[in-house]
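# Summary of structural features
Each chain, written out:
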Amino acid sequence: MNDEKLTAYLKNILEKGRMAEAIDLSKEMGAQLSEEEINSYIFQYLDQGWLSKAVEGSKAAGVELPDDMLFGWIDKYLEEGQIYSAINAIKFLGVPLPKDSLIEAGRKCLLEGELIKGLDAFKAAGEEVPVKELLSCGNKCFEEGKLYPGLEAYEKVNKTPTDELLTLCGDRCFEEGWTNRGLESYERSNMSPTKEKLLACASRCFMDKNQDEGRRAIVEANKARE
């Protein structure tokens, strides 16, 4: 393997978070990583939510990461809704779960229509998800054309979404070129989309090179009333 390929391989394993391996390899190559490169990749790992890789890499490089800084990153993950990064980091460091912060992060995820993240945050905190937050999450999902998470949110509180919500979801799906999901949303409301909406959906599908759903939208448009 020539120097150019070795350098590319070194960069590749660094970008995957394997700093200890990269450090050993660079020594074998006779070109140790610079302090600037090491710090840059450690920051990159932290920024990507890879706190464990950052800590392991820093130890291999002989760089100390203060606890306060690491806890600050956990707070950042929670604030930005990076629930899994936060939970994994907390488990890796072996520190108590910040229950209140997890609940708040979970609530924020639900309000933004991120059902699974929100549920996992509440689960990690050992708390039940309030009905109000689940319904708000379901409504947000329908607004964004996310039919199945919306249905799941409503199912968890034993409620059925209104026809208006379902057609709203269908319309958003058609706008995005999601023919099948849009049609299912309308079917669940026992209503039918207009020909105009279906043709607009087909246009979006073909623009996005989604030929199958585009063709289905055309077929359904031919059956629809104006």
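Whatever comes next refers back to the structure up there.
Residues numbered from 1 in each chain as written. Predicted model: local features only at pLDDT ≥ 70, side-chain atom pairs only at ≥ 80, totals over all residues. Heavy atoms only, no water.

### Some points on helix H4 (residues 51-61)
Counting along an α-helix, one turn takes 3.6 residues, and residues three or four places apart therefore face a common direction. Rules: Each residue gets one of three labels from its accessible area relative to the maximum for its type: buried under 20%, exposed over 50%, partly exposed in between, using a 1.4 Å probe on protein chains only. Here a strand is any run of E in DSSP of at least two residues, a helix any run of H or I of at least four, and the numbering for each starts at the N terminus. Summarising the geometry, the arc corresponds to the directions from the helix axis toward the C-beta atoms. Contacts: residue pairs with any heavy atoms within 4.5 Å of one another.
When H4 is considered as a whole, its buried residues turn out to be Leu51, Ala54, Val55, Gly57 and Ser58. The arc enclosing the buried residues of H4, seen along the axis, measures out at 170°, which places them on a common side. Where H4 is buried, its residues touch helix H2 (19-29), helix H3 (35-47), helix H5 (67-79) and helix H6 (83-93). Positive backbone phi, at 75°, marks Gly62, one or two positions downstream of H4.

### A closer look at the side chain of Glu133
Mapping Glu133 onto the fold places it in helix H9 (residues 131-143). Note on Glu133: relative accessible area 13%, which makes it buried. Excluding anything up to four places from it in sequence, Glu133 contacts Arg107 and Leu110.

### Observations concerning helix H13 (residues 195-207)
Note the threshold: Here, expected helix span is obtained from the residue count minus one, scaled by 1.5 Å.
Its 13 residues place the ends of H13 18 Å apart at the C-alpha level, agreeing with the 18 Å of an ideal helix rising 1.5 Å per residue. Listing the buried residues of H13 in full gives Leu198, Cys201, Ala202 and Cys205. Taken around the axis of H13, the buried residues stretch over an arc of 100°, which confines them to a single face. For H13, the exposed residues set more than 90 degrees away from the buried face come down to Glu196 and Met207.

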